[in-house]
Amino acid sequence: MSLPGFSTLAIHAGQKPDPTTGAVNVPIYATSTYVQEEIGVHKGYEYSRVSNPTRTPLEECLAALERGHSSHVFASGMAAIQAILMRLSAGDHVVCGSNVYGGTPRLFNQVLTRFGLRFSYADTRDLAMVEAAITPATKLVFVETPTNPLMELCDLRALAELTHRHDAELAVDNTFMSPYFQRPLELGADLVMHSTTKFLNGHSDGLGGVVVASTAKQAEDFRFLQKSVGAILSPFECFLILRGVKTLGVRMRQHDANGRRMAAFLAVHPKVKAIYYPGLPQHPQHELAKRQMSGFGAMITIETGSLERANQVLRAVRVCSLAESLGGVETLISHPASMTHAALGAEGRAKIGLTDGMVRLSVGIEDIEDLERDMDQALAAIK
Ligand SMILES: *Cc1c(COP(=O)(O)O)cnc(C)c1O
């Protein structure tokens, strides 16, 4: 029997109508504990830090969408990344992409180094640079593709092969693509994580994170960490993501269609000095994008030329909202240097090629004509 299609899984995997009432949606089980008939006799739930009947269907659904062994949800994307790192021990070394979500190096450098973990950063477009950064103590390679906000890609199949040759695991932050457009486990990665706050939830109304495991051993580790550390996702947030993920397929198709239209519009706009979008033929890794992803998504970065010009655009937008975050139905526009990548510092940003003039769009699913008109009038505000 062939596996059901993506949207069928998104709507049904792990989710059965409620046996007591027939409710088609998984209820929010707002309970901390569960009654037991006698010592050790219960219905599989004992305490909600360990497991909860709103969380279980979500974890089964997300595992199915990423073709993983299991998935484990956490209170935020950062908590999910922390859980991945908590499987390591003092003295272990990690190679991280040099161009990732700003919060990731902040966690690594300012928190986890104090516990004896060690980190190196490499441009993951270049496998030789990754290999040069690997040491005998390297246990994990952690990457994003496409990267935030420069939309650089890394070849996941080749990177997985390289990582395994050095007896390390490859973890991929798949937040930008969602499992609808990219499934790293199928390309050989060992772990996938998402900030579910973004496309998976899709409605900018709840935070969350997920780690998708590929083996039973990893699953055991993450269940133990959920129980022992306690950074789990609340039943209400689990419900929001279950609700959001049902429309992931249709949303991603529209995000992608709008993203392509917007990128084509901005690419030839006289006020745009450079554009970063893997769906454009001039993107240096366009061929890899076509091979590794089944769509190009909604994340576009443009170069306006200076901080002042970026601010002129950001002040002038009317339909797009100036805000951090991404992946919701509404178009968000942001300034990476002062927002998501502020923690890197000017020097850190310069090192990865992130300028003060860059503006990042998360193209929503509004009518594209309105978005184009809005960006056109906002770019016209550049003096
Ligand atoms: C937002 C984001 C995170 C962090 O997730 P939170 O849910 O905000 O904790 C990690 N990686 C990427 C790519 C993100 O966009």
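Colleague: Just checking my understanding: could you explain the overall build of the protein chain for this structure?
Modeller: Counting its regular elements, the protein chain contains 14 helices and 12 strands. Rg of the C-alpha trace for the protein chain: 21 Å, near the compact-globule value of 21 Å for 383 residues, within the 12% margin. Dimensions along the principal axes, computed over C-alpha positions, put the protein chain at roughly 75 × 50 × 40 Å. For the protein chain, the residues scored as buried account for 54% of the 383 residues in total.

Colleague: Mind showing me how you'd approach helix 8 (residues 216–229) here?
Modeller: Three- or four-residue spacings in an α-helix give side chains the same orientation, since the helix completes a turn every 3.6 residues. Here helix 8 contains 14 residues, and its C-alpha end-to-end distance of 20 Å stays within 8% of the 20 Å for a straight helix at 1.5 Å per residue. Once helix 8 finishes, Gly230 follows within two positions and takes phi at roughly 90 degrees, a positive value.

Colleague: Is there a simple way to think about the packing of aromatic side chains in this case?
Modeller: The description of two aromatic rings rests on the distance between their centres and on the angle between their planes. In this structure the tally under the stated criterion is six aromatic pairs. Ring geometry for Phe108 and Phe119: centres 4.4 Å apart, planes at 10 degrees, overall stacked. Linking Phe108 in helix 4 (residues 103–110) with Phe119 in strand 3 (residues 118–122), this pair joins segments that are 11 residues apart in sequence. Pairing Tyr180 with Phe181 gives two aromatic rings, centres 5.1 Å apart and planes at 65 degrees, and the pair type is edge-to-face. Each member of the pair, Tyr180 as well as Phe181, carries the same accessibility label: buried. Through a chain of ring-to-ring contacts, the aromatic side chains of Phe6, Tyr180 and Phe181 assemble into a single cluster.

Colleague: Hey, could you run me through the sheet that holds strand 1 (residues 70–74) in this one?
Modeller: Strands in a sheet are paired, the pairing made by backbone hydrogen bonds, and the direction either parallel or antiparallel. The strand order across the open sheet formed by seven strands is 1-7-6-5-4-2-3, and the pairing between neighbours is mixed. The sheet terminates laterally at strand 1 and strand 3, the two strands that pair on one side only. Across the sheet, the mean angle separating the axes of adjacent strands is 20 degrees when strand polarity is ignored. Direction of pairing for strand 5 (residues 169–173) relative to strand 6 (residues 191–195): parallel, over a ladder of three bridges.

Colleague: Help me out: how do you make sense of the environment of Ala274 in this one?
Modeller: Its location among the elements puts Ala274 in strand 8 (residues 274–276). Classification of Ala274 as partly exposed rests on a relative accessible area of 25%. Sequence separation of Ala274 and Val50 is 224 residues, and the distance between their C-alpha atoms is 48 Å. Ala274 has contacts with Thr301, Ile302 and Glu303, leaving out every residue within four places of it along the chain.

Colleague: For this particular structure, what's the right way to read empty space enclosed by the protein?
Modeller: Gaps left between atoms show up when a probe the size of a water molecule is rolled over them. Enumeration over the complete set of coordinates arrives at two cavities of 30 Å³ or more. Size it by volume and the largest cavity reaches roughly 40 Å³. Lining of the largest cavity is provided by Phe74, Ala79, Gln82, Ala83, Met86, Leu225, Gln226, Val229 and Ala231. Broken down by secondary-structure element, the contributors of at least two residues to the lining of the largest cavity are helix 3 (77–85) and helix 8. Looking at the lining of the largest cavity residue by residue, the classes come out as seven nonpolar, two polar and no charged. What lines the second largest cavity is Leu62, Leu65, Glu66, Pro179, His194, Leu200, Val210 and Val212. Secondary-structure elements contributing two or more residues to the lining of the second largest cavity are helix 2 (55–65) and strand 7 (209–213). The residue makeup of the lining of the second largest cavity, split by class, is six nonpolar, one polar and one charged.

Colleague: What am I meant to see in the site of the ligand here?
Modeller: If you check the shell around the ligand, you find Ser76, Gly77, Met78, Tyr101, Glu144, Asp173, Thr175, Ser195, Thr197, Lys198, Gly208 and Leu326 and nothing else. Within the contact set of the ligand, an oxygen atom lies 2.9 Å away from a backbone nitrogen or oxygen of Gly77. Between a nitrogen atom of the ligand and a side-chain N or O atom of Asp173, the distance comes to 2.6 Å. Considered on its own, the ligand offers 380 Å² of accessible surface; in the complex 94% of this is hidden by protein.

Calculation rules
Residues numbered from 1 in each chain as written. Predicted model: local features only at pLDDT ≥ 70, side-chain atom pairs only at ≥ 80, totals over all residues. Heavy atoms only, no water. Helix = DSSP H or I, 4+ residues; strand = E, 2+ residues; numbered from the N terminus. Rg over C-alpha atoms; globule rule 2.2 N^0.38 Å. Buried < 20%, exposed > 50% of the residue type's maximum accessible area, 1.4 Å probe, protein only. Expected span 1.5 Å × (residues − 1). Phe/Tyr/Trp six-rings, centres within 6.5 Å; stacked < 30°, edge-to-face > 60°. Pairing = 2+ DSSP bridges. Axes fitted to C-alpha atoms, helices over the stretch in contact; angles between N-to-C directions. Contact = heavy atoms within 4.5 Å. 1 Å grid on protein atoms, 1.4 Å probe; cavity = no way out; pocket = protein on both sides within 12 Å on 5 of 7 lines; lining within 4 Å. Points joined across faces, edges and corners; volume = space filled by probe spheres on them. Nonpolar A, V, L, I, M, F, W, Y, C, P; charged D, E, K, R; others polar. Near = heavy atom within 4 Å. Polar contact = N/O pair within 3.5 Å; in protein donor to acceptor, adjacent residues only side chain to side chain. Areas by Shrake-Rupley, 256 points an atom, 1.4 Å probe, with all protein chains shown as cover.

Honestly, it's all geometry; don't read function into it.
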